[in-house]
Amino acid sequence: MDMLHFSKGVRWFVLTETMLGIAIGLYSLLLNLHLLDLGLSEDQIGTISSFGSIVMGVVAIPCGMLAGRFGRKRLLVLGLALMACGYAVFAAGEELGLLILAQFLQAVGLTMLVTTEIQLLYSYSKSRKEETQGFSLLFAIFTLFMGVGTLAGGYLPGWIGGFSTGYQGTLFVAAGFMMAGAMCRWFLLPKESLPPKPLEGKGAGKRHAAFIRDGNKRRWRLPGKAVWIFCGMNLLIGIAAAFTEPLLNVIVKFRLGWGAESISLLLTLNGFGQFLSSFLLPPLLDRLGFRMTYRLVFAANLITTLVLAAAMPAGMFSILLLAKGGAFIMLTNMVQTHSMSVLPEQERNVYAGLRHVIRSMGGSAAIYLTGVLLSGRHYGLPFLFAGLAVGAGCVYYEKWVKPLLAAGLDDAEKGQGARP
């Protein structure tokens, strides 16, 4: 993929993603270790994480509505700034109340990010092919630099240190990178192109738009059937991710008995594998088509996740974890970009909000259950439950999602994906 062939907005999006990747890599590796050193138990950490998922579910739909009213770029930058503040409060706070406040700020900011980023990126894209390629490159760069942040997180605490824990100073560094990303996106991203108003009359009723403008009035409509079906797919994928991803460093720490440096190295390799998977996804789709690619990716996810539930040596566990990470990123990216791409512009904001409401409902329960399982030293069961969710997602995709994707993606594969 040649960066020069992308539109200006897509190019700046990709370049500024580097700072977000470093910040989130540092934060994701060190937060749970920081909380453990503060004296919190595994189930308390699971409770704080699940609280974040609940917050995301509560604010997701309002964020989607605010994006339509005030603009996606403004909400995106505000979200990044709130995430930076959350990281800083996590670093500075020691009492449970401050940690909960930090999770609230981080969760609200993350919701603003995830409910605006893809739609804003797509608004800068000139065709469906550029949408898919731009999203894949964006996520590839994110995972690569998240790996950089994760690797740095294994060594920076020994150099920087902190007062409350050895991870405190590095969490402040993560907050600085996130705030820098917010500022760069505010000044460098082009002015947002707002979507045209939906047509009124007979044609308007067929669009299932969630919000339509009628002069100075706004009228709420329920989203169309496709939005709800795609939300169901996101629910199952979110449950599968929530069983393993948020507490993965805790799982590795206690299952393998490793320290922070070894954990950071494994998670860095995992991030590099996700980078390669994201980068290779567009040519794989071009070569095999979306139907065959989905089958292969679902099979790889199901096999690796279920096998990881069994006891095994550290080396085999690490290899399978890397394979699972790459396959799961492919699945997540395909579902996110394809479902958003085939929906009309007028439904994208409300879909972005709804999918995170529904995903958070399942994710918060899965994260809490994972914390309970880890407290009972059941380090393989989260992978078993994640595998069952992947299997359910495969069945759901074949029955309901694939027919909705077929028409739009078949056109794109034939080179007819340009926007009218």
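For the structure itself, consult the block above.
Residues numbered from 1 in each chain as written. Predicted model: local features only at pLDDT ≥ 70, side-chain atom pairs only at ≥ 80, totals over all residues. Heavy atoms only, no water.

Quick word on the overall build of the chain
Inference 1: Tallying secondary structure elements over the chain gives 14 helices and 2 strands in all.
Inference 2: For the chain, buried positions account for 57% of its 420 residues.
Inference 3: Surface exposure of the chain reaches about 17,500 Å², of which carbon and sulfur atoms provide 66%. (Helix = DSSP H or I, 4+ residues; strand = E, 2+ residues; numbered from the N terminus. Buried < 20%, exposed > 50% of the residue type's maximum accessible area, 1.4 Å probe, protein only. Areas by Shrake-Rupley, 256 points an atom, 1.4 Å probe, with all protein chains shown as cover.)

What about empty space enclosed by the protein?
Inference 1: Tallied over the full model, the rule gives 2 cavities of 30 Å³ or more.
Inference 2: Taken as a whole, the second largest cavity encloses approximately 30 Å³ of empty space.
Inference 3: Taken together, Phe230, Met233, Tyr294, Val335, His338, Ser339, Val401 and Leu405 make up the full set of residues lining the second largest cavity.
Inference 4: It is helix H12 (residues 314-342) that contributes the most residues to the lining of the second largest cavity, 3 residues altogether. (1 Å grid on protein atoms, 1.4 Å probe; cavity = no way out; pocket = protein on both sides within 12 Å on 5 of 7 lines; lining within 4 Å. Points joined across faces, edges and corners; volume = space filled by probe spheres on them.)

Some words on the packing of helix H5 (residues 117-124) against helix H13 (residues 345-375)
Inference 1: Contact geometry for H5 and H13: axes closest at 9 Å, N-to-C directions at 155°. By the angle class used here, H5 and H13 are roughly antiparallel. Crossing handedness for the pair H5 and H13: right-handed. From H5, Ile118, Gln119 and Tyr122 reach across to H13, where they touch Arg348, Asn349, Ala352 and Arg355.
Inference 2: Looking at the contact of H5 with H13 residue by residue, the classes come out as 3 nonpolar, 2 polar and 2 charged. (Axes fitted to C-alpha atoms, helices over the stretch in contact; angles between N-to-C directions. Parallel < 35°, antiparallel > 145°, perpendicular 65-115°, else oblique. Left-handed = near helix turned anticlockwise from the far one by under 90°. Contact = heavy atoms within 4.5 Å. Nonpolar A, V, L, I, M, F, W, Y, C, P; charged D, E, K, R; others polar.)

Comments concerning unusual backbone geometry
Inference 1: Here arginine 377, not a glycine, exhibits a phi torsion of approximately 65°, which is positive.
Inference 2: For arginine 377, the location among the structural elements is in the loop between H13 and helix H14 (381-413).

A few points about the pattern of salt bridges
It is possible for side chains of opposite charge to pair when their charged atoms get near one another.
Inference 1: Across all of its chains, the model carries 5 salt bridges by this definition.
Inference 2: Of the charged contacts, one joins glutamate 131 and arginine 348 as a salt bridge, the two residues approaching to 3.6 Å between their closest N and O atoms. Separated by 217 residues along the polypeptide, glutamate 131 in helix H6 (residues 128-153) and arginine 348 in helix H13 bring together distant segments of the chain.
Inference 3: On the accessibility criterion, arginine 348 (4% relative accessible area) is buried.
Inference 4: Between lysine 402 and glutamate 398 there is a salt bridge, with its nearest N and O atoms 2.8 Å apart. Of this pair, lysine 402 and glutamate 398 both sit in helix H14, 4 residues apart, roughly one helical turn.
Inference 5: Assessed through its relative accessible area of 33%, glutamate 398 is described here as partly exposed.
Inference 6: A cluster of three or more residues bridged by salt bridges with shared partners is formed by Glu17, Glu117 and Arg185. (Salt bridge = Lys/Arg side-chain N within 4 Å of Asp/Glu carboxyl O.)

Here's the deal with the nonpolar core
Inference 1: In this structure, Tyr87, Met178 and Tyr294 are the most contacted members of the largest nonpolar core, which totals 102 residues.
Inference 2: Ranked by residue count, the leading element in this core is helix H1 (residues 8-37), at 15 residues.
Inference 3: Counting residues in hydrophobic clusters, the runner-up holds 12 residues, among them Val55, Cys63, Ala107 and Val114. (Core = buried A, V, L, I, M, F, W, Y, C linked by side-chain atoms within 4.5 Å.)

Overview of the packing of aromatic side chains
Inference 1: Summed over all chains, the structure comprises 16 aromatic pairs.
Inference 2: Between tyrosine 294 and tyrosine 397, the ring centres sit 4.4 Å apart and the planes meet at 20°, which makes this aromatic pair stacked. Residue tyrosine 294 is found in helix H11 (residues 260-307), and its partner tyrosine 397 is found in helix H14; the two are separated by 103 residues along the sequence. Pair check on accessibility: tyrosine 294 and tyrosine 397 agree, each one buried.
Inference 3: Taken together, Phe290, Tyr294, Phe298 and Tyr397 form an aromatic cluster joined through their ring pairs.
Inference 4: Its guanidinium or amino end placed over the ring of tryptophan 186, lysine 73 lies 5.5 Å from that ring's centre, counting from NZ or CZ.
Inference 5: If you follow lysine 324 out to its NZ or CZ, it ends over the ring of phenylalanine 328, 5.3 Å from the centre. (Phe/Tyr/Trp six-rings, centres within 6.5 Å; stacked < 30°, edge-to-face > 60°. Lys NZ or Arg CZ within 6 Å of the ring centre and 35° of its normal.)

Things to note about helix H10 (residues 248-256)
Inference 1: With 7 of 9 residues buried, H10 lies mostly within the body of the structure.
Inference 2: Within H10, burial applies to Leu248, Asn249, Val250, Ile251, Val252, Arg255 and Leu256.
Inference 3: Positive phi shows up at glycine 257, right after H10, with a value of about 70°.

Here we look at a nonpolar patch on the surface
Inference 1: On the surface, Leu306, Tyr368, Leu369, Val372, Leu381, Leu384, Phe385 and Leu388 cluster together into a nonpolar patch covering about 630 Å² of accessible area.
Inference 2: Listing elements by their share of the nonpolar patch, those giving two or more residues are H13 and H14.
Inference 3: Residue position: leucine 306 is located in helix H11. (Patch = residues over 30% accessible without salt bridge, like charges linked within 9 Å, V, L, I, M, F, W, Y side chains within 5 Å.)

Section: the environment of valine 108
Inference 1: Its location among the elements puts valine 108 in helix H4 (residues 96-114).
Inference 2: For the pair formed by valine 108 and glycine 86, sequence separation is 22 residues and the distance between their alpha carbons is 9.4 Å.
Inference 3: What valine 108 contacts, discounting residues up to four positions off in sequence, is Val55, Val59 and Leu82.

Details of the environment of leucine 29
Inference 1: By secondary structure assignment, the location of leucine 29 is in helix H1.
Inference 2: As a C-alpha pair, leucine 29 and methionine 146 span 117 residues in sequence and 9.9 Å in three-dimensional space.
Inference 3: With residues up to four places along the chain from it excluded, the contact list for leucine 29 reads Thr150, Gly153, Gly154, Asn249, Ile263, Ser264 and Leu267.

It is worth stressing that arrangement in space is one thing and function is another; only the former is reported here.
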